[in-house]
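Spelled out from the first residue to the last, the chains are:
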Amino acid sequence: MLALVVPLAILAARAPVPAEVYFEQTTTAHAAGAPAGPGVLSRVWYAGRRMRLEAAEEREGPALVLRLDRGTAYRIDPERKVAVELDLARLRARAQMDLALAGELMGGADADARTTELPAGKVVAGYTCRGYRISAGGVTMELYVSSAVPLGVDAFADFLEWSGASQALPGLLAEIRRLPGFPLLTRSRVEVMGEVQETLSTVTKVTLGPFPASLFEPPPGYRVEHEEPREGP
C-alpha cells in the first residue's frame, strides 16, 4: 500500500472539474549509486474520488479499487475471479500507520522544508519539465514537473487526507503543492537510521480519460466476498 501511496502523494493543483488521467510509473531503488533491482511498474487510473491502482507487470493483474465517493474499496483477484470488499476503516488505519512510521524514520521531514529550482530541465514521457529540489530533515527530493498534464497534488486532496499523508508529511507536501505542474520524474534521497536510501520514480506514459465506469467496479462474473475481520486487538 505504501509503495502506491508515495507516487500519489507526489502529485500537485486542484482542477475545477476533476480530470481523468491514467499514468504508468516505474520505481527503482538504488544502493551505492546502482539500481538494486529491475524496478516496479505501477499503473494508476484517477477519476476524482475513484481510483484504480495496479502494481504488476502483467495486464489485468491484481488491483486495488478505491471508491472514496461511496466509502468502499475492492481488492480484485483475477486468478480466483473474486473481488474482496475491504474494510475501508481498517485499510485507512493501516495506511496511516505506515505513513506515520515513514515520517518518523525520515527524521523530521515536516520541518524547515526548502525548495530551489534546478538549472536544467528534462523531457520525460514526451513532456518538457522544469526541475526543483526540496529538502526537509533527512529527505532530499528532486522533482521534474510539467504543467501540460492536467493534474496536481491537490487533485488528490481526498486521498491524501484519507491515507494520512497530509498529517505524516505536511512540510514536504506543502512545498510539493507549490510546484507548477505534475511530477513526471522524482528522485528521492532519504537517510533512515544512518543509512541512505535512494528511489527513482519515472512516469513513462500518460493518457487522458474519460474511462469506463466498469474500471472502478468488480468485474462482471466475479464473486464478491467480504474481508474477514482479524482476531485480537
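Numbering of residues starts from 1 in each chain and follows the order in which that chain's sequence is written. Residue-level local features of this predicted model are given only where pLDDT is at least 70; pairs of side-chain atoms are given and counted only at 80 or more, and the full residue set underlies all totals for whole chains, interfaces and linings. In computing side-chain properties, one takes all heavy atoms of the structure into account and sets aside hydrogens as well as water.

Chemist: Describe in detail the overall build of the protein, supporting the description with residues and values.
Modeler: When helices and strands are counted, the protein shows five helices and 14 strands. Each residue gets one of three labels from its accessible area relative to the maximum for its type: buried under 20%, exposed over 50%, partly exposed in between, using a 1.4 Å probe on protein chains only. When burial is assessed residue by residue, the protein has 46% of its 233 residues classed as buried. Any two residues whose heavy atoms approach within 4.5 Å at even a single point are treated as in contact. In the protein, of all internal contacts separated by at least 6 residues, the share reaching a separation of at least 24 is 61%. In short, Shrake-Rupley with a 1.4 Å probe defines the accessible areas, and a residue's cover is counted only from the protein chains shown. With an accessible surface of roughly 11,800 Å², the protein has 53% of that area assigned to carbon and sulfur atoms. Strands are runs of DSSP state E lasting at least 2 residues, helices are runs of H or I lasting at least 4, and numbering of each runs from the N terminus.

Chemist: Describe the nonpolar core, and please don't skip the residues or the numbers.
Modeler: Joining through side-chain atoms within 4.5 Å is the link that ties buried Ala, Val, Leu, Ile, Met, Phe, Trp, Tyr and Cys residues into a set, and such a set is a nonpolar core. Core analysis: the biggest nonpolar cluster contains 28 residues, and L66, L91, F182, L184 and V206 have the highest contact counts within it. Listing elements by their share of this core, those giving two or more residues are β1 (20-31), β3 (40-47), β4 (50-54), β5 (63-67), β7 (82-85), α2 (88-105), β12 (182-192) and β13 (195-208).

Chemist: Which residues make up the pairing of β4, and what values do they have?
Modeler: By the criterion of burial, β4 is predominantly enclosed, with five of the five residues buried. Judged by which residues are buried, β4 turns out to be covered on both faces: R50, R52 and E54 on one side and M51 and L53 on the other are all buried. Should DSSP find at least two bridges between two strands, the strands are regarded as paired. Note that β3 and β4 share five bridges and pair antiparallel. Among the inter-strand pairings, A47 is bridged to a residue of β4, identified as R50. Taking the residues between adjacent antiparallel strands as the criterion, β3 and β4 are bridged by two residues, where G48 takes a positive phi near 70°. The pairing of β4 with β5 spans four bridges and is antiparallel. Note that in β5 the partner of R50 across the bridge is R67.

Chemist: Talk me through the environment of L91; I want residue IDs and the actual numbers.
Modeler: You can see L91 is positioned in helix α2. Residue classification places L91 among the buried residues on the basis of a relative accessible area of 6%. Spatially, the C-alpha atoms of L91 and A73 are 8.8 Å apart, while their sequence positions differ by 18 residues.

Chemist: Any details on the pattern of salt bridges? Residues and values, ideally.
Modeler: Should a side-chain nitrogen of Lys or Arg be within 4 Å of a carboxyl oxygen of Asp or Glu, the pair is scored as a salt bridge. The full count for this structure, using the stated rule, is twelve salt bridges. When the shortest N-O distance is used, the salt bridge between R80 and E225 registers 3.5 Å. A residue pair is termed long-range when its members are at least 10 positions apart, and R80 in the loop between β6 (72-77) and β7 and E225 in strand β14 (residues 223-226) qualify at 145 residues. Put simply, R130 and E117 hold a salt bridge, and the shortest N to O gap is 3.4 Å. One end of the pair, R130, is in strand β10 (residues 127-136); the other, E117, is in strand β8 (residues 114-117), with 13 residues separating them in the sequence. Beyond isolated ion pairs, a larger network of salt bridges with shared partners links R67, D69, R70 and E217.

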